[in-house]
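What follows is each chain in one-letter form.
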Amino acid sequence: MRALSIAATGMQAQQTNVEVIANNLANMNTTGFKAQRAEFQDLLYQNVEQAGSQTSDSGTVLPSGIQLGAGVRTAAVSRIMTQGDLSATQNPYDVAIQGPGYFHITMPDGTDAYTRAGNFALSPEGQIVTDKGYTVAPGVAVPTNALSVTVNAQGQVQATVPGQTAPQTLGQIELVRFPNEGGLQAQGDNLFIETPSSGSPQSGLPGSTGYGTIQQGFLETANVNPVQEMTSLISAQRAYEMNSKVVTAADDMLQTTARMGGT
Amino acid sequence: MDQTVLVSLSQQLAAYRSIDAIANNIANVSTPGYKRETAMFQQYIETAPPSEGQDGPQSYSFVQDAGLARDLQQGAVEKTNAPFDLAVNGTGYFVLKRADGTTHYTRNGHFTLDAQGRISTESGDLLQGDGGELAITSDDGDIHIAQDGTVTGAKGQLGKVQLASFADERALTKEGASLYTTTQQPQTVARPNIEQGALEDSNVQPVVEISSMLEVMRAYQASESLNQSQEDMMRQAIDKLGTIES
């Protein structure tokens, strides 16, 4: 009886679906979080009777064959890369990317990671770092006596220091793009790393063609739409329930079979 | 030979086939572009010589698989806002080329970019435009795909998504992973209707599936009880006829 295993694949798929939705809802307030969606595909088919095979010498053909399906599978959990809303925080080291691009982060082991979460801070040495203390590449140091720090739309970091009227340029924040950002691998802590399917990073200045601009004093909120997630949750739950009904029906039929001639 | 048991057995086998098809439909209730299938049956008539008290040859009708019919009705188009999610509204299949050169067709319009920036499926099959694959560079900015399939970026037109239609759509062979193959010649769709940022839902209607599932289950039970009463009859006959009157 296939119905049992087919319904099991359906239940598994819906379970994945609910897990993805749960993760989206849990990250509703995570800076720079991008919502995910489970993608489904039907499973292999077993050809019992080929459509179009001849049914007589005179060339009549079977209008429809018999191809038995084996259920469903999760093809991918893809990320929806739309822009999240920007919310004002007034914190000078909170920066948001308006448009495409990622901040480039140097991990403690020297490897590269990328993020959309711009809730940065200063390290004890005055470097601009993430909330985990990882350096924002290429590394911008803020002097301890700086009165105010500005990051302009092009990612230039400037500071005014006592005794100088003109602001002093401290460095430049660069953005990174990928041919396929959906292929980036999430590392937790809002960080992504490059994979063969994301393609290699291309860095550029904020505001140049194809790159977003920097907004100081803002954070990009998660692009999770709670209403949409709730409706997906309901339909996933119902679909799970229906698949379990199929299990019950198949079980019932098998039970009937087992009872056959058994009295 | 008494045929009652065999006739109801053939019905039970048919019920198994039906429930398998229904299970597959329900399992794919969230698969984009999935088309529901229903099992079709036909009579298989066998003639047998008359038993005592009957005149002329007697015919028995068995149930036999005739095929699985695909319901090609349009699924609802649901917004996803992902730039490379495309829904076909109306006729047509997306044309995909695999690395080994084979062509597949699909209604599941969930696409993404591969490492070279080409529009592809999750498994790496490339979506075909008028001039082959559709490559997008980071400089193209936001991609707009028009209703007729024209792909436009910041620097102008990049290609046009190709749709294929077939003389006999139901004869397409399912390959799993939402793909179809066929030996038929693809034809171009006269008026393509592609929606960007949306996916075509599966056209499975849960109410229909659940009610036909209950129907199949009850039919199965009915044929089982037919079997049961036939068996009782036989037993009674044996008991009665076997009693030696004293």
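*Asks:* It is not clear to me how the overall build of chain A should be interpreted in this structure. Could you clarify?
*Replies:* Helix and strand counts for chain A come out as two helices and 20 strands. For 263 residues, the compact-globule estimate of 2.2 N^0.38 gives 18 Å, and chain A exceeds it by more than 25% at 27 Å. In terms of its C-alpha atoms, chain A occupies a principal-axis envelope of roughly 100 × 50 × 35 Å. Out of the 263 residues belonging to chain A, those deemed buried represent 38%. Residue pairs at least 24 apart in sequence account for 62% of intrachain contacts in chain A once pairs closer than 6 positions are excluded.

*Asks:* It is not clear to me how the overall build of chain B should be interpreted in this structure. Could you clarify?
*Replies:* Secondary structure summary: chain B contains two helices and 19 strands in total. Scaling as 2.2 N^0.38, a compact globule of 246 residues should have a C-alpha radius of gyration of about 18 Å, whereas chain B reaches 27 Å, well beyond that. Taking all 246 residues of chain B together, the buried fraction comes to 38%.

*Asks:* In this structure, what is going on with the interface of chain A and chain B? I would like to understand it.
*Replies:* Interface size is often expressed as the accessible area that is lost when the parts come together. On the side of chain B, 49 residues touch chain A, which itself brings 57 residues to the contact. Those elements that provide at least two residues to the side of chain A that touches chain B are helix 1 (2-26), strand 1 (36-42), strand 2 (45-49), strand 3 (66-69), strand 4 (72-79) and helix 2 (226-259) of chain A. Counting residues per element, the side of chain A that touches chain B draws most heavily on helix 2 of chain A, at ten residues. In terms of residue class, the side of chain A that touches chain B is built from 26 nonpolar, 24 polar and seven charged.

*Asks:* So what exactly am I meant to see when it comes to the packing of helix 1 (residues 4-27) of chain B against helix 2 (residues 206-242) of chain B here?
*Replies:* To characterise two packed helices, one gives the angle between the axes of the helices and the distance between these axes. All names here are of chain B. Viewed as axis vectors pointing N to C, helix 1 and helix 2 meet at an angle of 160°, and their least axial separation amounts to 9 Å. Regarding the angle of helix 1 to helix 2, the classification is roughly antiparallel. Helix-helix and strand crossings are classified by hand; for helix 1 and helix 2 the assignment is left-handed. Residues Thr4, Val5, Ser8, Gln11, Gln12, Ala15, Ser18, Ile19, Ile22, Asn25 and Ile26 of helix 1 form the contact with helix 2, whose participating residues are Glu209, Ser212, Met213, Val216, Ala219, Tyr220, Ser223, Leu226, Asn227 and Gln230.

*Asks:* It is not clear to me how the sheet that holds strand 13 (residues 156-160) of chain B should be interpreted in this structure. Could you clarify?
*Replies:* Strand pairing within a sheet occurs via backbone hydrogen bonds; the two strands may be parallel or antiparallel. All names here are of chain B. Strands sit in the order 11-12-13 across an open sheet of three strands; the sheet is antiparallel. Edge strands, defined here as strands with exactly one partner in the open sheet, are strand 11 (144-145) and strand 13. In this structure, strand 11 lies alongside strand 12 (residues 150-153), joined through two bridges in antiparallel fashion. Its bridge partner lying in strand 12, Ile145 is registered against Val151.

*Asks:* Teacher, can you tell me more about unusual backbone geometry here?
*Replies:* When glycine is set aside, most residues are seen to have a negative phi, and most peptide bonds are trans. Between Ala137 of chain A and the following residue, Pro138 of chain A, the backbone shows a cis peptide bond with an omega angle of 0°. Of note, the phi angle at Asn190 of chain A is positive, near 65°, even though the residue is not glycine. Position of Asn190 of chain A among the secondary structure elements: in the loop between strand 16 (185-188) and strand 17 (191-193). By the C-beta count within 10 Å, which is 24 here, Asn190 of chain A ends up buried. Backbone geometry places Asn81 of chain B, a non-glycine residue, at a positive phi of 70°. Tracing the chain through its elements places Asn81 of chain B in the loop between strand 3 (77-79) and strand 4 (86-88).

*Asks:* Can you walk me through the packing of helix 1 of chain A against helix 1 of chain B in this structure?
*Replies:* One way to put it is that helix 1 of chain A packs onto helix 1 of chain B with a least axis distance of 8 Å and a crossing angle of 5°. What the angle tells us is that helix 1 of chain A and helix 1 of chain B run roughly parallel. Between helix 1 of chain A and helix 1 of chain B, the contacting residues are Arg2, Ala3, Ile6, Ala7, Thr9 and Gly10 of chain A on the first element and Ile19, Asp20, Ala23, Asn24, Ile26 and Ala27 of chain B on the second. Residue composition of the contact of helix 1 of chain A with helix 1 of chain B, grouped by class: seven nonpolar, three polar and two charged.

*Asks:* Would you mind showing me how to read the confidence of the model for chain B here?
*Replies:* Do not read the fine detail of predicted coordinates wherever pLDDT is low. The predicted model of chain B averages 88 in pLDDT, with 99% of residues at 70 or higher. No element of chain B has a lower mean pLDDT than strand 2 (residues 58-70) of chain B, which averages 85, and none a higher one than strand 5 (residues 93-97) of chain B, which averages 95.

*Asks:* Help me understand the sheet that holds strand 13 (residues 156-160) of chain A, please; the structure alone is not making it clear to me.
*Replies:* All names here are of chain A. Across the sheet, three strands lie side by side as 12-13-14; this open sheet has antiparallel pairing. Edge positions in the open sheet fall to strand 12 (148-151) and strand 14 (168-172), since each of these has one partner strand only. Sheet twist, expressed as the average angle between the axes of neighbouring strands with direction ignored, equals 25°.

*Asks:* So what exactly am I meant to see when it comes to the pairing of strand 5 of chain B here?
*Replies:* For a regular strand, the rule is simple: side chains alternate between the two faces of the sheet. Residue and element names in this part refer to chain B. Looking at chain direction, strand 5 and strand 14 (residues 163-165) are connected through two bridges and run antiparallel. Residue Tyr93 lies in a different strand from strand 14, and its bridge partner there is Ala164. The hairpin turn running from strand 5 into strand 6 (residues 103-106), its antiparallel successor, is five residues long, and Gly101 in that turn takes a positive phi close to 95°. Sheet topology note: the strand 5/strand 9 (residues 126-129) ladder contains two bridges and is antiparallel. In the sheet register, Lys97 faces strand 9, and the bridge partner there is Leu126.

*Asks:* Got a minute to help me understand the nonpolar core in this structure?
*Replies:* Taken as a class, soluble globular proteins show a tendency for nonpolar side chains to be buried jointly. Core analysis: the biggest nonpolar cluster contains 39 residues, and Ala7 and Val246 of chain A together with Ile19, Ile22, Ala23 and Ile26 of chain B have the highest contact counts within it. For this core, the secondary-structure elements that each account for two or more residues are helix 1, strand 1, strand 3, strand 4 and helix 2 of chain A together with helix 1, strand 2 and helix 2 of chain B. Of the residues forming this core, the biggest block, eight residues, is contributed by helix 1 of chain B. Ignoring sequence-local partners within four residues, the contact set of Ala7 of chain A consists of Asn243, Val246, Val247 and Ala250 of chain A together with Ala23, Ile26 and Ala27 of chain B.

What counts and what doesn't
- Residues numbered from 1 in each chain as written.
- Chains lettered and ligands numbered in written order.
- Predicted model: local features only at pLDDT ≥ 70, side-chain atom pairs only at ≥ 80, totals over all residues.
- Helix = DSSP H or I, 4+ residues; strand = E, 2+ residues; numbered from the N terminus.
- Rg over C-alpha atoms; globule rule 2.2 N^0.38 Å.
- Buried ≥ 20, exposed ≤ 12 C-beta atoms within 10 Å, placed from the backbone.
- Contact = placed C-beta atoms within 7 Å.
- Nonpolar A, V, L, I, M, F, W, Y, C, P; charged D, E, K, R; others polar.
- Axes fitted to C-alpha atoms, helices over the stretch in contact; angles between N-to-C directions.
- Parallel < 35°, antiparallel > 145°, perpendicular 65-115°, else oblique.
- Left-handed = near helix turned anticlockwise from the far one by under 90°.
- Pairing = 2+ DSSP bridges.
- pLDDT = per-residue confidence, 0-100.
- Core = buried A, V, L, I, M, F, W, Y, C linked by C-beta atoms within 7 Å.

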